[in-house]
Amino acid sequence: MTDPYRILARFREQAPAVAVEHTGYRMWLVTRYEDVRRILAGTSVIRDFVANQHRINTNSRVRPVSQAHLVDASRRSFFERDGADHRRLRGFVNDVFTPDRLAQLRVEVEQLVERLLDTLPVGEPVDLMTAYAYPIAMTVIGDLAGVPSQPRKNIPVWICEMITSPVISEIEHGANQLHAFSVEMAALKRAEPGQDLFTDLLQVRERELMTEDELTSIYLLFLVAGTEAASAIGNGLLTLLRHRDQLDELLATGDSFADAVEEILRFESPFRLMGPRLSTRPVALDGPTIPAGELILLSPGAANHDPLRFPNPDEFDVRRRPSGHLGFGHGPHHCLGYALGRLETTTALRQLFRRYPNTELVHSQRPADWRPGKFMRRLNTLAVILR
């Protein structure tokens, strides 16, 4: 967790695809930028494991290993669907982040960030993940989706359990709680509709354009994806505090934080690895060909540190313009809320460092406190002193 890019670089230098084992399955780890981008843009791999579970077990199981079992009904969103079903479901939410809506959200996010900064203690240790990053992300997605205030504090806990815990029981607990909450939200919006995203999606369901499982799975997806801004905010805060000269340059040159966020998303991508995909036909790389019916792991973290695409990739440089980075994915499954995530991250970094430019890490000589887990690059805590 301390330095994944050094390990991923060894895979990237060894071969275009390397066979690894994950939860008892053989998977092909792809780490080179051009390969990762091309596979994401194409249609040779699929995400729907619910419909292909038997095929996966037959081809790729290498040894029996206990693994978390998630409810199939919670895995029917467009994130885990392909082709026509993916396009149909994603089409219902494509217009959520219109330019007009983002302009309105910009004002709301700026006001939210200022309110949170007013509450933070100055001159004493404070965990910015708990007190700042998560409240920003959860408030924004909660208000947008119409989530009541009371349960919002539990949602980030369940999400962290589901996607970063190394303990099977915790993964299952977090996933089950999120699924149950999504079912409750569907019942709530039927009883008390509002001016929010979840009510809009419920109306699509009532017209029988999606199933109940698809509805609640999209609810769950928005809750999980909506909190991912917290990862980017935390990673950005840590990166800038570890590169004080570049932070000072940002503060001296004016509003360059939006450009810096792109470099942060490249340098410390929220996803080290993407969830497994299944090849539906042979995937030709530079040399080897991955056969059809194989599981593939794509690594944005490795791709964003590929020296053939980004010169001196292991150096953080706020002057870099890393166009084409894969921090938000690529292709049909490109992150739907990328513009909102950029807005939240940019605002959170800019406002905090403008108000407290001399902020420092409490444990500057210790390794960062990263959460465990193979896929996410997310801080557990980030203790600082605001100055």
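Up top is the structure.
Residues numbered from 1 in each chain as written. Predicted model: local features only at pLDDT ≥ 70, side-chain atom pairs only at ≥ 80, totals over all residues. Heavy atoms only, no water.

**Details of the sheet that holds strand S10 (residues 383–385)**
Within the open sheet, the 3 strands sit side by side as S4-S10-S9. Their pairing is antiparallel. Edge positions in the sheet fall to strand S4 (125–127) and strand S9 (360–361), since each of these pairs with one other strand and no more. In this sheet, S10 lies alongside S9 in antiparallel orientation, the contact comprising 2 bridges. Bridge pairing links Glu360 to Ile385 in S10. (Pairing = 2+ DSSP bridges. Helix = DSSP H or I, 4+ residues; strand = E, 2+ residues; numbered from the N terminus.)

**Some points on the pairing of strand S8 (residues 295–298)**
Side chains Leu295 and Leu297 project from S8 onto one buried face, and the interleaved Ile296 and Leu298 project onto a second face that is buried too. Alignment of strand S2 (residues 25–30) against S8, held across 4 bridges, turns out to be parallel. Bridge assignment links Leu29 to a residue of S8, and that residue is Leu297. Taken together, the 2 bridges between strand S5 (residues 277–279) and S8 define a ladder with antiparallel strand orientation. Paired with Leu278 across the two strands is Leu295, which belongs to S8. (Buried < 20%, exposed > 50% of the residue type's maximum accessible area, 1.4 Å probe, protein only.)

**Overview of the packing of helix H13 (residues 257–267) against helix H15 (residues 338–355)**
As a packed pair, H13 and H15 sit with axes 9 Å apart at the nearest point and diverge in direction by 115°. As for the relative orientation of H13 and H15, their crossing is right-handed in sense. From H13, Phe257, Ala258, Val261, Glu262 and Ile264 reach across to H15, where they touch Arg342, Thr345, Thr346, Leu349, Arg350 and Phe353. Grouping the amino acids of the contact of H13 with H15 by side-chain chemistry returns 6 nonpolar, 2 polar and 3 charged. (Axes fitted to C-alpha atoms, helices over the stretch in contact; angles between N-to-C directions. Left-handed = near helix turned anticlockwise from the far one by under 90°. Contact = heavy atoms within 4.5 Å. Nonpolar A, V, L, I, M, F, W, Y, C, P; charged D, E, K, R; others polar.)

**Section: the pattern of salt bridges**
Should the charged atoms of two oppositely charged side chains come close, the side chains can pair. As enumerated under the stated definition, the model contains 26 salt bridges in all. Ionic pairing is found between Asp118 and Arg355, a salt bridge with its closest N-O pair at 2.8 Å. You can see Asp118 sitting in helix H5 (residues 99–119) and its partner Arg355 sitting in helix H15, a full 237 residues away along the chain. Using a relative accessible area of 31% as the deciding quantity, one classes Arg355 as partly exposed. Across the salt bridge formed by Asp259 and Arg321, the nearest N and O atoms sit 3.4 Å from each other. Pair noted here: Asp259 is in helix H13 and Arg321 is in the loop between helix H14 (300–303) and H15, with a separation of 62 residues, a long-range link. Its relative accessible area of 32% is what places Asp259 among the partly exposed residues. (Salt bridge = Lys/Arg side-chain N within 4 Å of Asp/Glu carboxyl O.)

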